[in-house]
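Coordinate inspection notes
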Amino acid sequence: MTGDYILSIVVAALLGGAIGLEREYRSKEAGFRTHFLVGLGSGLLMVLSMHGFDDFMGIQGIQRDPSRMAAQVISGMGFIGAGCIIFQKNAVKGLTTAAGLWVTSAIGMTAGAGMYLLALVATALVLLCLEGSDFIHHKIFHEE
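Note that the structure is a prediction, hence the values are computed from the model and not measured.

Right, let's get into the overall build of the chain. Within the chain one finds five helices and two strands. Along its sequence from the N terminus, the chain presents helices and strands in the succession α-α-α-β-β-α-α. With the C-alpha coordinates aligned to their principal axes, the bounding extent of the chain is approximately 65 × 30 × 20 Å. A total of 144 residues make up the chain; the buried ones form 29% of that total. Within the chain, contacts between residues at least 6 apart in sequence are counted, and of these 60% link residues at least 24 apart. Here the chain has roughly 9,200 Å² of accessible surface; of this, 67% comes from carbon and sulfur atoms.

All right, on to the layout of surface pockets then. When its volume is computed, the largest pocket comes out at roughly 510 Å³. In this structure, the largest pocket is lined by 20 residues; those nearest its centre are Arg 23, Lys 28, Gly 94, Thr 96 and Thr 97. Elements supplying a minimum of two residues to the lining of the largest pocket: helix 1 (2-25), strand 2 (91-93), helix 4 (95-112) and helix 5 (116-140). In terms of residue count, helix 5 provides more of the lining of the largest pocket than any other element does, five residues in total. When its residues are assigned to classes, the lining of the largest pocket shows five nonpolar, six polar and nine charged.

Attention now moves to the packing of helix 1 against helix 5. Between helix 1 and helix 5, whose axes approach to 10 Å, the crossing angle comes to 5 degrees. Relative to helix 5, the element helix 1 is oriented roughly parallel. Mapping the contact onto sequence places Asp 4, Leu 7, Ser 8, Val 11, Leu 15, Ala 18, Ile 19, Glu 22 and Arg 23 in helix 1 and Tyr 116, Ala 119, Leu 120, Thr 123, Val 126, Leu 127, Leu 130 and Glu 131 in helix 5. Residues of the contact of helix 1 with helix 5, tallied by class, amount to 11 nonpolar, two polar and four charged.

Time to look at the nonpolar core. Counting residues in hydrophobic clusters, the biggest one holds nine residues: Val 11, Ala 12, Leu 15, Ile 19, Ile 107, Ala 111, Ala 119, Val 126 and Leu 130. Elements with a minimum of two residues in this core: helix 1, helix 4 and helix 5. With residues near it in sequence (within four places) discarded, Leu 15 still touches Ile 107, Ala 119, Leu 120 and Thr 123.

Turning to unusual backbone geometry, a few remarks are in order. Phi is positive for Ser 27, close to 60 degrees, though the residue is something other than glycine. Residue position: Ser 27 is located in the loop between helix 1 and helix 2 (32-51). Residue Ser 27 is classed as exposed on the basis of its relative accessible area, which comes to 63%. In this structure, Asn 90 is a non-glycine residue whose phi angle is positive, near 60 degrees. Tracing the chain through its elements places Asn 90 in the loop between strand 1 (86-88) and strand 2.

What follows is about the side chain of Thr 97. Residue placement: Thr 97 occurs in helix 4. With residues up to four places along the chain from it excluded, the contact list for Thr 97 reads Arg 23, Glu 29, Ala 30 and Cys 84.

The next thing to look at is helix 5. For helix 5, with 25 residues, the first-to-last C-alpha span of 34 Å sits near the 36 Å given by 1.5 Å per residue. Among all positions in helix 5, only Ala 119, Thr 123, Val 126, Leu 130 and Asp 134 are buried. Each element contacted by the buried residues of helix 5 is listed here: helix 1 and helix 4.

Once that is clear, we can look at the state of the cysteines. Under the criterion given, the structure shown has zero disulfides. The thiol of Cys 84 is not disulfide-bonded; the next cysteine sulfur, from Cys 129, is found 17 Å away. Overall, Cys 84 belongs to the partly exposed group, its relative accessible area being 23%.

Definitions and limits used
- Residues numbered from 1 in each chain as written.
- Predicted model: local features only at pLDDT ≥ 70, side-chain atom pairs only at ≥ 80, totals over all residues.
- Heavy atoms only, no water.
- Helix = DSSP H or I, 4+ residues; strand = E, 2+ residues; numbered from the N terminus.
- Buried < 20%, exposed > 50% of the residue type's maximum accessible area, 1.4 Å probe, protein only.
- Contact = heavy atoms within 4.5 Å.
- Areas by Shrake-Rupley, 256 points an atom, 1.4 Å probe, with all protein chains shown as cover.
- 1 Å grid on protein atoms, 1.4 Å probe; cavity = no way out; pocket = protein on both sides within 12 Å on 5 of 7 lines; lining within 4 Å.
- Points joined across faces, edges and corners; volume = space filled by probe spheres on them.
- Nonpolar A, V, L, I, M, F, W, Y, C, P; charged D, E, K, R; others polar.
- Axes fitted to C-alpha atoms, helices over the stretch in contact; angles between N-to-C directions.
- Parallel < 35°, antiparallel > 145°, perpendicular 65-115°, else oblique.
- Core = buried A, V, L, I, M, F, W, Y, C linked by side-chain atoms within 4.5 Å.
- Expected span 1.5 Å × (residues − 1).
- Disulfide = S-S within 2.5 Å.

Take a look at the structure:
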């Protein structure tokens, strides 16, 4: 089982890192290291939530609810994301960074739950969104 857990967090970290590489390539504030760590941490907490308390199963009066820890990860990412968003000179900055960290966390939790294909497809969609929007803005609309 430990091998499965290790695989889960490695996949979570690598998928987060893939998103981070794109952000770093675009010279955004949160790059490879940040997204790698968010993916890794989310994956690790999901594995812990799902399997870390197995020793307590069957003990009278103790219930396990893996969704509780996952909910706290999402709340924590909302807090971190809020710190990325800046309103300056009537413009909002950092919203994509905050959303990227939030979805990276969700991808990490998905990988942590062992749903590798779903996590991979979600990562591909994030990269398609980020790169596709950049292509549309720069190549089609010729925006800077």
